[in-house]
Amino acid sequence: MSTRATPSATPRADGPEGDGSGDLLARYGCGPVPFTGHDDALYERRLIFDHVVDLTEAGPRERFEAVAAAIRDVLAQRWVRTQQEHERANPKQVYYLSMEFLIGRSLANNVMNLLLSPLVDDAARRRGLDLAELIEQEPDAGLGNGGLGRLAACFVESMATMALPAIGYGLRYDFGIFRQELRDGCQVEQPDRWLARPDPWEVARPNEAVTVPLGCRFEAHGGEIAVHRGQASHLLGVPYDRPVVGHGGRTINTLRLWKAETPDVFDFGEFSGGDYFGAVSDRVLAETVSRVLYPDDSTPRGRSLRFLQEYFLVACSLDDIVARFLRRGNDWPALADKVAVQLNDTHPALAVAELMRILLDRAGLNWDRAWELTIGTLAYTNHTLLPEALETWPVDLFEALLPRHLEIVYEINRRFLDDVRAAHPGDEAKVGRMSLIEEGPTRKVRMAHLAIVGTHSTNGVAAIHSELLRTRTVPDFAAMFPGRFGNKTNGVTPRRWLLLANPGLAALLTEAVGVGWAADLGKLAAVTPLAEDAGFREHFLAARRAAKLRFVDWIRDRDGIALDPDSIFDAQVKRIHEYKRQLLNVLHVVVCYNRLRDDPGLDPPPRTFLFAGKAAPAYHLAKLIIRLINDVGATLDRDQAARGRLRVAFLPDYSVTLAERLIPASDVSEQISTAGFEASGTSNMKFMMNGALTVGTRDGATIEIAEEVGEENLFLFGLTADQVAGSRGWYEPRWHYEHEPEARRALDLIASGHFNPGEPGRYAPIREALLTHGEPYMHLADLTSYAEAQRCVSDLYADRAGWARKAIINVARSGKFSSDRTIAEYAGSIWGATPCPVA
Ligand SMILES: *Cc1c(COP(=O)(O)O)cnc(C)c1O
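Residues numbered from 1 in each chain as written. Predicted model: local features only at pLDDT ≥ 70, side-chain atom pairs only at ≥ 80, totals over all residues. Heavy atoms only, no water.

**Here we look at the overall build of the protein chain**
Inference 1: Each helix and strand counted, the protein chain has 33 helices and 23 strands in total.
Inference 2: In terms of overall size, the protein chain behaves like a compact globule, its C-alpha atoms giving a radius of gyration of 27 Å where 839 residues would be expected to give roughly 28 Å.
Inference 3: Dimensions along the principal axes, computed over C-alpha positions, put the protein chain at roughly 80 × 75 × 55 Å.
Inference 4: Evaluated residue by residue, the protein chain yields a buried proportion of 63% over its 839 residues.
Inference 5: In the protein chain, of all internal contacts separated by at least 6 residues, the share reaching a separation of at least 24 is 78%.
Inference 6: Of the roughly 29900 Å² of accessible surface on the protein chain, a fraction of 53% belongs to carbon and sulfur atoms.
Inference 7: Here the protein chain holds 94 positive side-chain charges and 112 negative ones, and the gap between their average locations is 1 Å. (Helix = DSSP H or I, 4+ residues; strand = E, 2+ residues; numbered from the N terminus. Rg over C-alpha atoms; globule rule 2.2 N^0.38 Å. Buried < 20%, exposed > 50% of the residue type's maximum accessible area, 1.4 Å probe, protein only. Contact = heavy atoms within 4.5 Å. Areas by Shrake-Rupley, 256 points an atom, 1.4 Å probe, with all protein chains shown as cover. Lys, Arg positive; Asp, Glu negative; His and termini not counted. Charge placed at Lys NZ, Arg CZ, Asp CG, Glu CD.)

Printed below as a string of structure tokens:
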């Protein structure tokens with residue numbers, strides 16, 4: 001095998017004609033394709049006609065919009081043809097329902113997946129356009145909180161790449177996840193006005209709007225709704241479609257996001273009553289339903305407007321799904337043969353009651369028939385075992401907004417509990433545990449129970465998570481429906497997370513194993529023997545170095561943060577949450593700092609600990625953790641003992657775009673959750689693919705990463721999930737505090753005010769939390785073994801070849817973690833769906 005000294009800038013795209021030559025465009029068919037010979041004309045037309053601007057006067061944002069619009073013109077015919085083919089072939093259609101799609105930017109991704117990179121690069125060069133600058137103009141579509149929303153985005157991309165007939169359904173929030181600013185080291189939330197300028201990718205389809213009837217009228221105040229019973233009302237759901245370009249551009253599926261509006265007929269009713277002002281106000285009220293994404297991750301706050309959002313998504317999507325099903329000439333008995341609906345967590349679990357309502361009240365089926373079709377059509381993915389994250393909604397809220405749905409839920413429950421009683425006579429405790437209704441001062445509907453009972457499949461998102469779900473969280477249900485429970489370990493799309501994010505490494509991999517890896521990540525296995533090839537190792541390290549330098553430039557331009565590329569980049573980037581244990585990382589940093597202060601002669605390889613992530617606005621301890629990280633960072637920067645050897649940087653406003661740039665530049669991937677708490681994790685996979693080495697606990701998909709690479713190729717530490725569960729109740733952090741001097745000194749230094757002399761008591765709540773008897777996340781129990789694992793990291797870093805060997809093996813064995821593999825499993829064992837290639 002031969003490798004060049006410098007990896008080429010762009011890898012060749014996958015596919016037989018993927019060399020960027022003109023004839024690859026033939027596959028887009030449908031007449032002349034722009035961007036072949038007269039590409040400039042299209043771009044210029046877009047600038048002049050869309051913006052009415054002199055070509056030489058156009059600013060970067062206008063140039064971005066013109067290029068994006070030109071790309072959309074290129075894909076439009078292919079997008080239509082995909083829909084035509086699905087209408088014609090009437091295949092089993094997959095629907096992915098999710099309250100979140102954390103999409104990020106689309107321009108570079110679409111160019112890549114259309115295999116247009118060579119042409120666009122060339123056209124830009126000839127026009128003197130700075131593509132990198134244009135790309136930076138696009139705001140992230142941040143319609144999600146974190147892993148769950150990003151998973152949905154990776155999944156729809158994989159489904160398009162695999163030619164599955166699939167549509168994603170979500171909400172078109174006017175405000176996505178808040179923008180995080182740091183003031184004096186504290187998180188401040190700013191609105192994310194991603195639609196302040198028109199989005200070039202979306203197509204509004206007002207003529208496909210659907211009407212959503214509600215059992216009452218409502219007013220919204222600060223995330224809660226006040227209902228006026230007895231007066232029915234309506235919402236209008238207007239679809240906004242976004243293209244989902246599969247790799248190779250053959251299939252272009254749709255992500256359909258609903259915007260809430262008021263139906264005009266409703267306004268007329270008000271007008272006739274003379275209440276002009278009231279009618280106009282109601283329009284604004286309706287629009288609040290899709291105004292803003294709830295910024296809580298894994299900890300829902302139970303606001304009633306959120307309930308309405310969930311129902312709005314379900315009602316709009318099922319109406320659309322049923323309309324498409326009938327339009328294609330299908331009849332009700334075929335529903336489960338032609339439609340598969342996947343529920344991304346319980347957020348869309350109202351689909352169980354809504355589909356029953358449609359089948360009973362509209363199709364006129366009897367209960368048993370409707371129930372069989374509902375179960376056959378729907379499937380549910382569980383995302384978390386945290387008890388505080390299991391959704392429940394007050395029966396009162398159902399009663400006011402969705403009285404018919406409550407009736408249906410009660411009837412589902414009555415029949416279900418009859419079955420439970422029949423199987424376990426006299427076991428009323430079990431009946432109480434399994435009921436869809438939680439009894440108590442406020443009676444509530446348990447959405448996870450509804451989702452399990454009303455679907456044919458319940459899956460977790462990593463092997464350990466699915467196992468814990470079955471054995472600990474809902475064992476009664478697993479015993480009753482053993483065939484319904486399964487596992488689908490998450491994945492990420494290697495197009496965005498490797499081909500696009502890391503062009504240097506991607507080019508090297510293409511040289512090593514050919515162009516096919518991006519659509520078949522298992523092909524990277526052929527790289528494994530190259531870990532022993534000294535020449536390849538040098539090319540690999542050079543590609544990683546290039547990614548690091550690119551990131552250093554980018555973050556300096558973005559935030560004015562100067563990073564030392566000669567230090568180890570050790571990254572923990574994810575939502576800030578106690579179970580993810582950013583505090584464990586900080587404690588270890590302070591341990592290292594104390595060692596340097598004790599012994600100035602110590603000479604560990606310099607390290608930069610990079611943190612990024614948002615805290616839910618009401619999660620006070622998480623916000624305090626952000627502040628601590630910033631205080632520690634500032635103190636280290638000032639202290640001679642740490643300078644040049646130990647740094648901490650908190651990078652503000654974590655996003656898909658930041659992740660795409662930071663992950664390829666990172667040497668160490670921190671995956672240090674308390675074992676048993678992280679359902680899967682997906683950043684662990686992105687880091688692995690890009691050649692970072694993992695320091696992690698035996699949790700989520702990190703366990704499966706270790707299985708793929710072998711335990712000698714990452715740094716595992718800490719208690720297992722069984723050990724964590726086994727010591728619950730008697731765990732005493734003070735024992736560690738009293739017997740482990742480094743832990744005690746680290747905690748004491750934080751509590752002493754050393755990092756925050758202006759307000760010495762600031763971190764008392766953190767000390768308190770860490771030392772509380774039975775501390776659920778067991779930080780101190782794992783600190784010693786964590787520090788030991790980190791010592792091994794430092795030792796290995798001194799051995800360039802040894803490090804490169806392990807990093808290469810990580811990349812080579814990352815094939816399992818492509819979302820293509822995950823989707824193939826869903827398609828095969830849950831959906832029964834097969835590809836529907838578009839000619
Ligand atoms: C991948 C990703 C996540 C998920 O990260 P975890 O470490 O798995 O929690 C969250 N946010 C963004 C922006 C991501 O890209």
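**With respect to the pairing of strand β5 (residues 179-183)**
Inference 1: The pairing of β5 with strand β6 (residues 186-190) spans 5 bridges and is classified as antiparallel. What sits directly across from R183, in β6, is C186.
Inference 2: With antiparallel pairing between neighbouring strands as the criterion, β5 and β6 make up a hairpin whose turn holds 2 residues, including D184 at a positive phi of roughly 50°. (Pairing = 2+ DSSP bridges.)

**So, the pattern of salt bridges**
Inference 1: The final tally for this structure, using the stated rule, is 69 salt bridges.
Inference 2: Here E157 and R495 are joined by a salt bridge, their closest N and O atoms 2.7 Å apart. Taken as a pair, E157 in helix α6 (residues 147-161) and R495 in helix α19 (residues 494-500) lie far apart in primary sequence, 338 residues in all. Note on accessibility: E157 and R495 belong to one class, buried. (Salt bridge = Lys/Arg side-chain N within 4 Å of Asp/Glu carboxyl O.)

**Overview of the site of the ligand**
Inference 1: What surrounds the ligand is a group of 14 residues, the closest being K574, K580, T682, S683 and K686.
Inference 2: Note that an oxygen atom of the ligand is positioned 2.7 Å from one of the backbone N or O atoms of T682.
Inference 3: The side chain of K686 places a nitrogen or oxygen atom 2.6 Å from an oxygen atom of the ligand.
Inference 4: Burial of the ligand by the protein amounts to 95% of the accessible area it has alone, namely 390 Å².
Inference 5: Of all the secondary structure elements, the ones that give two or more residues to the shell around the ligand are α24 (656-662) and α25 (683-689).
Inference 6: Residue composition of the shell around the ligand, grouped by class: 5 nonpolar, 6 polar and 3 charged. (Near = heavy atom within 4 Å. Polar contact = N/O pair within 3.5 Å; in protein donor to acceptor, adjacent residues only side chain to side chain. Nonpolar A, V, L, I, M, F, W, Y, C, P; charged D, E, K, R; others polar.)

**Concerning the nonpolar core**
Inference 1: In this structure, M159, F551, L651, L662 and W831 are the most contacted members of the largest nonpolar core, which totals 245 residues.
Inference 2: Considering every element that reaches this core, the biggest residue donor is helix α9 (residues 304-327), with 13 residues.
Inference 3: Filtering out sequence-adjacent residues up to four positions away, L662 remains in contact with F551, A571, V573, L610, L651 and F687.
Inference 4: Counting residues in each nonpolar core, the second largest holds 23 residues, with L114, L116, L119 and L131 among its members. (Core = buried A, V, L, I, M, F, W, Y, C linked by side-chain atoms within 4.5 Å.)

**Considering the state of the cysteines**
As used in these notes, a disulfide is a covalent bond between sulfur atoms, one from each of two cysteines.
Inference 1: If you walk through the whole model with that rule in mind, you get 0 disulfides.
Inference 2: Free cysteine: C216, not disulfide-bonded; nearest cysteine sulfur from C316 at 16 Å. (Disulfide = S-S within 2.5 Å.)

**Focus: the sheet that holds strand β21 (residues 668-671)**
Inference 1: In space, the 6 strands of this open sheet follow the order β20-β19-β18-β21-β22-β23, with parallel pairing throughout. In this open sheet, the two edge strands, each paired with only one partner strand, are β20 (646-650) and β23 (715-716).
Inference 2: Pairing of β21 with strand β22 (residues 693-696), which is carried by 4 bridges, proceeds in the parallel orientation. Looking across to β22, one finds that Q671 is bridged to G696.
Inference 3: Across the sheet, helix α22 (residues 582-598) lies against β18 (568-573), β19 (607-612), β20 and β21, angled at about 155° from β19, the strand it touches most. (Axes fitted to C-alpha atoms, helices over the stretch in contact; angles between N-to-C directions.)

**Some thoughts on the sheet that holds strand β13 (residues 392-394)**
Inference 1: Reading across the sheet, the 3 strands line up as β13-β15-β14 and stay open at both edges, with antiparallel pairing between neighbours. With one partner strand each, in any of the chains shown, β13 and β14 (437-438) form the two edges of the open sheet.
Inference 2: With 3 bridges connecting them, β13 and strand β15 (residues 444-446) associate as antiparallel partners. Paired with T392 across the two strands is R446, which belongs to β15.

**Focus: helix α11 (residues 351-362)**
Inference 1: Most of α11 is tucked away: 9 of the 12 residues are buried.
Inference 2: Phi turns positive, to about 70°, at G364, one or two residues after α11.

**Some details on the packing of aromatic side chains**
Inference 1: Scanning the model with the defined rule gives 16 aromatic pairs in all.
Inference 2: A centroid spacing of 6.1 Å and a plane angle of 40° characterise the contact between F325 and W332, whose relative ring orientation is tilted. Judged on exposure class, the residue F325 and its partner W332 are both buried.
Inference 3: Each ring, one from F717 and one from Y786, has its centre 4.9 Å from the other, and the planes form 40°; the classification is tilted. Of this pair, F717 sits in the loop between β23 and α27 (721-727) while Y786 is found in helix α31 (residues 779-797), placing the two residues 69 residues apart along the sequence.
Inference 4: Using a relative accessible area of 0% as the deciding quantity, one classes Y786 as buried.
Inference 5: Of the aromatic side chains, those joined through ring pairs into one cluster are Y96, F155, Y826 and W831.
Inference 6: Over the aromatic face of Y240 sits the side chain of R172, whose NZ or CZ is 3.9 Å from the ring centroid.
Inference 7: It is R484 that lies over the ring of F481; its NZ or CZ is 3.9 Å from the centre. (Phe/Tyr/Trp six-rings, centres within 6.5 Å; stacked < 30°, edge-to-face > 60°. Lys NZ or Arg CZ within 6 Å of the ring centre and 35° of its normal.)

**Some details on the packing of α31 against helix α32 (residues 800-812)**
Inference 1: Packing of α31 against α32 leaves a shortest axis separation of 7 Å and a crossing angle of 115°. The angle between α31 and α32 falls in the class roughly perpendicular. Contacts between α31 and α32 involve V793, L796 and Y797 on the former and, on the latter, R800, G802, W803 and K806.
Inference 2: Within the contact of α31 with α32, the residues separate by chemical class into 4 nonpolar, 1 polar and 2 charged. (Parallel < 35°, antiparallel > 145°, perpendicular 65-115°, else oblique.)

**A closer look at α9**
Inference 1: Between its first and last C-alpha atoms α9 spans 35 Å; for 24 residues at 1.5 Å apiece the expected length is 34 Å, and the two agree.
Inference 2: With 20 of 24 residues buried, α9 lies mostly within the body of the structure.
Inference 3: Among the residues trailing α9, G329 stands out with phi positive, at a value near 85°. (Expected span 1.5 Å × (residues − 1).)

**As for the UniProt feature "modified residue: N6-(pyridoxal phosphate)lysine" (unreviewed entry) in the protein chain**
Inference 1: Here, the residues flagged by UniProt with the feature "modified residue: N6-(pyridoxal phosphate)lysine" (unreviewed entry) are K686.
Inference 2: With respect to the element layout, K686 can be found in helix α25.
Inference 3: By relative accessible area, K686 is classed as buried at 6%.
Inference 4: Dropping the residues within four chain positions of it, K686 is found in contact with R150, V492, W497 and I663. (UniProt positions renumbered as here; feature names shortened; annotations may be inferred.)

**A closer look at unusual backbone geometry**
Among all residues save glycine, negative phi is the norm, and among peptide bonds the norm is trans.
Inference 1: Backbone geometry at D184 places phi at a positive 50°, although glycine is not the residue there.
Inference 2: Along the chain, D184 turns up in the loop between β5 and β6.
Inference 3: The backbone phi angle of M778 is positive, close to 50°, even though this residue is not glycine.
Inference 4: In this structure, M778 sits in the loop between α30 (764-771) and α31.
Inference 5: For M778, a relative accessible area of 3% puts it in the buried group.

**Some remarks on the environment of G223**
Inference 1: Tracing the backbone through its elements, the reader meets G223 in the loop between β8 (210-221) and β9 (224-245).
Inference 2: Among the residues examined, G223 registers a relative accessible area of 15% and is labelled buried.
Inference 3: For the pair G223 and G302, spaced 79 residues apart in the sequence, the C-alpha separation amounts to 9.7 Å.

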